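Understanding the architecture of this molecule
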Amino acid sequence: MPRNKNQRRRITQIDERLNRWKGQGAFVPTEELMELCDVSKSTLKADIRFMREEYDAPILHDKKRNGYHYTSQFQIPVDLALTQEDFSALELAANTLTQFKHLRVFEAFNNLFFKITHTVNHLIQENQNSHIHFEKVPFYKGTEHIDSCLKAIEYQRIIRFLYHSPHSKTPILHVVHPYELKEHTNRWYLVAWMPEYQSYTPFALDRILSDEVKIMEREFGRDQSFNIETYFEFAIGMTVYHDQPIEDVILEFQPKQAQFFKSKPFHNYDIIEETNDKLIVRLRLIIHQEKRNYELVRKIVSMGDGVKVIQPQVLIDQVKGYLHAALNQY
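Residues numbered from 1 in each chain as written. Predicted model: local features only at pLDDT ≥ 70, side-chain atom pairs only at ≥ 80, totals over all residues. Heavy atoms only, no water.

1. Here we look at the environment of Lys-299
Relative to the helices and strands, Lys-299 resides in helix 9 (residues 294-301). For Lys-299, a relative accessible area of 30% puts it in the partly exposed group. A sequence separation of 33 residues divides Lys-299 from Phe-266, and the C-alpha atoms of the two residues are 8.2 Å apart. Setting aside residues up to four positions removed in sequence, Lys-299 forms contacts with Ile-236 and Phe-266. (Helix = DSSP H or I, 4+ residues; strand = E, 2+ residues; numbered from the N terminus. Buried < 20%, exposed > 50% of the residue type's maximum accessible area, 1.4 Å probe, protein only. Contact = heavy atoms within 4.5 Å.)

2. A look at the packing of helix 9 against helix 10 (residues 313-327)
It is at 10 Å that the axes of helix 9 and helix 10 come closest, and there the two elements cross at 65°. It follows that helix 9 is roughly perpendicular to helix 10 by the angle criterion. Viewed along their axes, helix 9 and helix 10 form a crossing whose handedness is right-handed. Listed contacts from helix 10 to Leu-296, Val-297, Arg-298, Ile-300 and Val-301 of helix 9 are Leu-315, Gln-318, Val-319, Tyr-322 and Leu-323. Considering only residue class, the contact of helix 9 with helix 10 consists of eight nonpolar, one polar and one charged. (Axes fitted to C-alpha atoms, helices over the stretch in contact; angles between N-to-C directions. Parallel < 35°, antiparallel > 145°, perpendicular 65-115°, else oblique. Left-handed = near helix turned anticlockwise from the far one by under 90°. Nonpolar A, V, L, I, M, F, W, Y, C, P; charged D, E, K, R; others polar.)

3. Let's talk about the sheet that holds strand 10 (residues 270-274)
Spatial strand order, 10-11-9-12: four strands in an open sheet with antiparallel pairing. Strands with a single pairing partner mark the edges of an open sheet, and in this sheet they are strand 10 and strand 12 (307-311). Between one strand axis and the next, the sheet turns by 30° as a mean value, whatever way the strands run. One ladder, built from eight bridges, connects strand 9 (residues 246-253) with strand 11 (residues 279-286); its direction is antiparallel. In the strand pairing of strand 11, Leu-251 is matched with Val-281. Sheet contacts for helix 10: strand 9 and strand 12; angle to strand 12, the most-contacted strand, approximately 145°. (Pairing = 2+ DSSP bridges.)

4. Notes on the pattern of salt bridges
Evaluated as defined, the whole model comprises twelve salt bridges. The closest approach of N and O atoms between Arg-65 and Asp-62, which form a salt bridge, is 3.6 Å. The network of salt bridges with common partners includes Arg-157, Glu-217 and Glu-219. (Salt bridge = Lys/Arg side-chain N within 4 Å of Asp/Glu carboxyl O.)

5. Quick notes on the nonpolar core
Judged by nonpolar contacts, the single largest core of 33 residues is most densely connected at Phe-161 and Leu-190. Broken down by secondary-structure element, the contributors of at least two residues to this core are helix 6 (146-155), strand 4 (157-163), strand 5 (172-184), strand 6 (187-194), strand 7 (199-204) and helix 7 (228-231). The contacts of Leu-190, once residues within four sequence positions are left out, are Cys-149, Ile-153, Ile-159, Phe-161, Pro-178, Tyr-179, Glu-180, Leu-181, Thr-201, Pro-202, Phe-203 and Leu-205. Among the nonpolar cores identified, the runner-up in size contains 23 residues, and Ala-258, Val-281, Val-301 and Val-314 belong to it. (Core = buried A, V, L, I, M, F, W, Y, C linked by side-chain atoms within 4.5 Å.)

6. Brief notes about the layout of surface pockets
A water-sized probe, rolled over the atoms, reveals where empty space remains. What the largest pocket holds in volume is close to 1400 Å³. Lining the largest pocket we find 40 residues, and of these His-167, Pro-202, Met-238, Thr-239 and Tyr-241 sit closest to its centre. At the level of secondary structure, the elements contributing two or more residues to the lining of the largest pocket comprise strand 5, strand 6, strand 7, strand 11 and helix 9. The element best represented in the lining of the largest pocket is strand 7, accounting for six residues. Its residues placed into classes, the lining of the largest pocket shows 21 nonpolar, twelve polar and seven charged. (1 Å grid on protein atoms, 1.4 Å probe; cavity = no way out; pocket = protein on both sides within 12 Å on 5 of 7 lines; lining within 4 Å. Points joined across faces, edges and corners; volume = space filled by probe spheres on them.)

7. Examining helix 8 (residues 255-263)
For helix 8, the set of buried residues is Gln-257, Ala-258 and Phe-261. Burial along helix 8 is one-sided: seen end-on, the buried residues are contained in an arc of 105°. Of the residues in helix 8, the exposed ones pointing more than 90 degrees away from the buried face are Lys-256, Gln-259 and Ser-263. As for helix 8, its buried residues are in contact with strand 9 and strand 11. (Arc of directions from axis to C-beta.)

8. Overview of the side chain of His-145
With respect to the secondary-structure elements, His-145 resides in the loop between helix 5 (110-127) and helix 6. Its relative accessible area of 2% is what places His-145 among the buried residues. Not counting chain neighbours up to four residues away, the residues in contact with His-145 comprise Leu-205, Ile-208, Ser-210, Asp-211, Glu-212 and Val-213.

9. Examining the environment of Thr-71
Residue placement: Thr-71 occurs in the loop between strand 3 (67-70) and helix 4 (84-98). For the pair Thr-71 and Ala-57, spaced 14 residues apart in sequence, the C-alpha separation works out to 9.2 Å. When sequence neighbours within four positions are dropped, the list of residues in contact with Thr-71 reads Pro-58 and Leu-60.

10. A few points about helix 6
Among all positions in helix 6, only Ile-146, Asp-147, Ser-148, Cys-149, Ala-152 and Ile-153 are buried. For helix 6, the secondary structure elements touched by its buried residues are strand 4, strand 5, strand 6 and strand 8 (214-219). Positive backbone phi, approximately 50°, marks Gln-156, located one or two places after helix 6.

This is the structure:
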């Protein structure tokens with residue numbers, strides 16, 4: 001393998017330049033290769049020697065014209081031009097793809113998944129030890145509906161399904177306009193327009209009780225102004241209360257928890273004050289004035305005594321109520 005990243009880059013540049021015309025006028029002056037790689041003549045010679053010794057590259061130096069060319073068809077193998085960082089990135093991408101191969105929408109690509117993972121694993125075994133380890137992702141209920149939802153979204157078809165909400169005692173039949181699929185904390189959701197309520201609603205796919213999502217013949221006109229990023233901009237989690245105000249949520253972190261929050265924030269934030277003793281930040285969020293903001297409260301209490309809510313008062317009360325209820329269990 002090349003000794004360093006710069007040499008890998010230079011070898012790739014030399015190979016590409018020598019292959020530019022595939023044997024027809026492929027002679028390249030030494031000065032041009034030196035300028036291309038931004039190196040001295042001695043460094044260029046060392047790189048050429050390395051290509052001959054390590055890759056058996058058929059490079060010939062023409063003294064009369066003071067340049068180089070390939071004497072036969074040749075190209076540097078792609079895997080040999082990859083860096084350690086490249087291999088890590090390939091492994092990460094291949095393993096990420098593999099975690100979703102059970103989804104019905106990817107069934108047609110099973111052979112492609114195998115080819116990708118087999119090739120990447122082969123390259124890794126030959127060139128480095130693996131240092132990336134994934135948790136095995138189990139099969140999540142509801143992913144079997146992804147294919148139908150995607151088709152309905154693509155063709156703008158109204159869909160129908162039986163849904164059991166955690167807030168309802170019995171399942172309810174819904175007829176909705178599907179807009180987007182969204183993954184959140186290892187669960188899939190369908191964001192759909194509900195005509196009877198004139199609002200968008202997220203449906204957890206694992207709560208769909210129908211054997212299949214029924215795609216109807218009726219089409220709907222999609223609101224082109226809808227943007228899913230904007231829709232969830234001021235929300236934590238999947239529930240969005242657009243009839244509630246957007247408020248400044250002020251949080252004060254202790255030093256250790258501050259570092260954790262800054263490295264993995266659960267929402268966009270602005271720093272109000274930062275010292276060795278504390279970090280105060282502002283988040284712009286929709287806060288329901290009567291219902292508990294479950295996901296936000298759970299994120300805050302999970303940080304224990306490392307965080308304190310400064311405002312708004314409604315959120316302070318909700319966090320205190322959550323902690324009192326938990327304490328009463330013991």
